[in-house]
Amino acid sequence: MGKVKFKEDACKGCRLCMSVCPKKILKIDETKVNPKGYHPVTCTDLNQCTGCTFCAVMCPDLIIEVYR
Amino acid sequence: MSETLVFKRPDMLRNVGFHYCPGCTHGIIHRLIAECIEELGLSDKTIGVAPVGCSVLAYDYFNCDMQEAAHGRAPAVATGIKRVHEDACVFTYQGDGDLASIGTAEIIHAAARSENISVFFVNNAIYGMTGGQMAPTTLVGQKATTSPHGRNQKYAGMPIRMSEVMAAIEGAYYIERVMVVDVKSINNAKKAIKKSLQYQMEGKGFSMVEILSTCPTGWGMTPLDAVEWLKKDMVDYYPLGLIKEGN
């Protein structure tokens, strides 16, 4: 069981993390706009997260921390 | 259940947000270099040289001594630094406009002298910072603001494969081309970056890692389309893998 934490304010909504998530549980939260003006990424179902770190490895802005 | 932090920002990167465009892979490359420096225990003796281009502000991000160089002159500046501080780990971080165009003379002669430095060459096939103009590395047919109908081979020639050029130089010890588009390729890129730093610390001489990178803004694509384009079109012309090891 893993856990991901996003620094939402720094997210630029590029979706690269979504493309590598094996569980496909990341999506852009279109109900929010961060101070940079982007819709930040969010995890739809933390229970499914395995803490594989793929999203964090792919994130160009290093906004993801992974716990296991 | 206690939780352990398994992935965090490396201490070698300062806690400053990158200015790069959404989906630009410069950030990934910064992290890989920072992690390798940390893992090799070189945090206290690393000196980086920043280029001119999108990564001109790299000195704001790396948590080590950094020196800004004039456009293309990073290998010359790194030569000076390394010769004075022989024990230091000296790296340059350069884009394709910097290394393959205005700085061609510097990079070739640094390799010819087998300067004991590590060069990280980020090739995104375009001039990103100045607004997406055609670079020496722009692919034939690729659109840029100065080649709106795509690069014309007859008019602009063929793109330069810098790694192959460098591998032909006797003094170059280690040359490899990698990309950073998915988890596997990022891990491979990290291995190459680490190897280049290790070779430097062993005194083997000049090494360069060419990292294929995306420029979604300059290419006029979404970050995900840019990744696909890199994997398909760019890798076709710039084959990945080890190009030279040993001299």
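Residues numbered from 1 in each chain as written. Chains lettered and ligands numbered in written order. Predicted model: local features only at pLDDT ≥ 70, side-chain atom pairs only at ≥ 80, totals over all residues. Heavy atoms only, no water.

Draft legend 1. Representation of the overall build of chain A. In terms of regular secondary structure, chain A is built from two helices and four strands. Order of helices (α) and strands (β) in chain A, N terminus to C terminus: β-α-β-β-α-β. Taking the principal axes of its C-alpha atoms as reference, chain A extends roughly 30 × 20 × 20 Å. In the structure as shown, chain A presents an accessible area of about 3300 Å², 50% of it carried by carbon and sulfur atoms. Of note, chain A has its 11 positive side-chain charges centred 5 Å away from the centre of its 7 negative side-chain charges. (Helix = DSSP H or I, 4+ residues; strand = E, 2+ residues; numbered from the N terminus. Areas by Shrake-Rupley, 256 points an atom, 1.4 Å probe, with all protein chains shown as cover. Lys, Arg positive; Asp, Glu negative; His and termini not counted. Charge placed at Lys NZ, Arg CZ, Asp CG, Glu CD.)

Draft legend 2. Just the packing of aromatic side chains, in detail. Residue and element names in this part refer to chain B. Tallying each qualifying case throughout the model produces ten aromatic pairs over all chains. With 5.9 Å between their ring centres and 45 degrees between their planes, Phe-91 and Phe-120 make a pair best called tilted. With Phe-91 in strand β4 (residues 89-95) and Phe-120 in strand β5 (residues 118-123), this pair connects stretches of sequence that are 29 residues apart. In this pair, the class of Phe-91 matches that of Phe-120, namely buried. Centre to centre, the rings of Tyr-237 and Tyr-238 are 5.1 Å apart; their planes meet at 90 degrees, and the pair counts as edge-to-face. Both residues of the pair, Tyr-237 and Tyr-238, count as buried. What links up through ring pairs into an aromatic cluster is the set Phe-62, Phe-91, Tyr-93 and Phe-120. Positioned over the ring face of Phe-18 is Arg-9, at 5.6 Å from the centre of the ring. Above the plane of the ring of Tyr-237 lies Arg-161, whose end atom (NZ or CZ) is 3.9 Å from the centre. (Phe/Tyr/Trp six-rings, centres within 6.5 Å; stacked < 30°, edge-to-face > 60°. Buried < 20%, exposed > 50% of the residue type's maximum accessible area, 1.4 Å probe, protein only. Lys NZ or Arg CZ within 6 Å of the ring centre and 35° of its normal.)

Draft legend 3. Spotlight on the interface of chain A and chain B. In this assembly, 24 residues from chain A lie in contact with 28 residues from chain B. Carbon and sulfur atoms supply 68% of the area buried between chain A and chain B, which totals about 2200 Å² over both sides. Of all residues in chain A, Val57(A), Leu62(A) and Arg68(A) give up the largest surface area on contact with chain B, accounting jointly for 28% of the area buried on that side. As a salt-bridge pair, Lys3(A) and Glu3(B) come within 3.6 Å of each other at their nearest N and O atoms. Scanning the region where chain A abuts chain B turns up six residue pairs in polar contact (both at pLDDT 80 or more). Where the side of chain A that touches chain B is concerned, the elements lending two or more residues are α1 (16-20), α2 (54-58) and β4 (64-67) of chain A. (Contact = heavy atoms within 4.5 Å. Buried area = accessible area lost by both parts, 1.4 Å probe. Salt bridge = Lys/Arg side-chain N within 4 Å of Asp/Glu carboxyl O. Polar contact = N/O pair within 3.5 Å; in protein donor to acceptor, adjacent residues only side chain to side chain.)

Draft legend 4. Quick peek at the pairing of strand β1 (residues 3-6) of chain A. Residues and elements named next belong to chain A. Side chains of β1 alternate between two faces, with Val-4 and Phe-6 buried and Lys-3 and Lys-5 left unburied. The pairing of β1 with β4 spans four bridges and is classified as antiparallel. Following the sheet pairing, Phe-6 is matched in β4 by Ile-64. (Pairing = 2+ DSSP bridges.)

Draft legend 5. View of the confidence of the model for chain B. Residue-level pLDDT values for chain B average 96, and 100% of them are 70 or greater. Scored as a complex, the prediction yields pTM 0.97 and ipTM 0.96. (pLDDT = per-residue confidence, 0-100.)

Draft legend 6. Structural view of helix α1 (residues 26-39) of chain B. All names here are of chain B. The end-to-end C-alpha separation of α1 is 20 Å, in line with the 20 Å expected for 14 residues at 1.5 Å each. A large share of α1 lies buried, amounting to twelve of its 14 residues. Just past α1, the residue Gly-41 takes up positive phi, approximately 70 degrees. (Expected span 1.5 Å × (residues − 1).)

Draft legend 7. Focus on the packing of helix α3 (residues 74-84) of chain B against helix α5 (residues 104-112) of chain B. All names here are of chain B. Viewed as axis vectors pointing N to C, α3 and α5 meet at an angle of 40 degrees, and their least axial separation amounts to 7 Å. In this view, α3 runs oblique relative to α5, as classed from their interaxial angle. Contact with α3, carried on its side by Pro-75, Ala-76 and Thr-79, involves Glu-106, Ile-107 and Ala-110 of α5 and no other residues of that element. A breakdown of the residues in the contact of α3 with α5 according to their chemical character gives four nonpolar, one polar and one charged. (Axes fitted to C-alpha atoms, helices over the stretch in contact; angles between N-to-C directions. Parallel < 35°, antiparallel > 145°, perpendicular 65-115°, else oblique. Nonpolar A, V, L, I, M, F, W, Y, C, P; charged D, E, K, R; others polar.)

Draft legend 8. Spotlight on the nonpolar core. If you look at the biggest cluster of nonpolar residues, it comprises 78 residues, and the most contacted ones within it are Ile64(A), Ile33(B), Phe62(B), Phe91(B), Ile193(B) and Met234(B). By size, the runner-up hydrophobic cluster in this structure holds 24 residues, among which are Val90(B), Ala100(B), Ile107(B) and Met162(B). (Core = buried A, V, L, I, M, F, W, Y, C linked by side-chain atoms within 4.5 Å.)

Draft legend 9. Looking closely at the sheet that holds β4(A). Strand order across the open sheet formed by three strands is β1(A)-β4(A)-β1(B), with antiparallel pairing between neighbours. Taken across any chain shown, the strands that pair with only one partner, and hence form the sheet edges, are β1 of chain A together with β1 (5-7) of chain B. Neighbour-to-neighbour, the strand axes of the sheet open up by a mean angle of 35 degrees, direction not taken into account. In terms of strand pairing, β4(A) meets β1(B) through two bridges, oriented antiparallel. Paired with Val66(A) across the strands is Phe7(B), a residue of β1(B).

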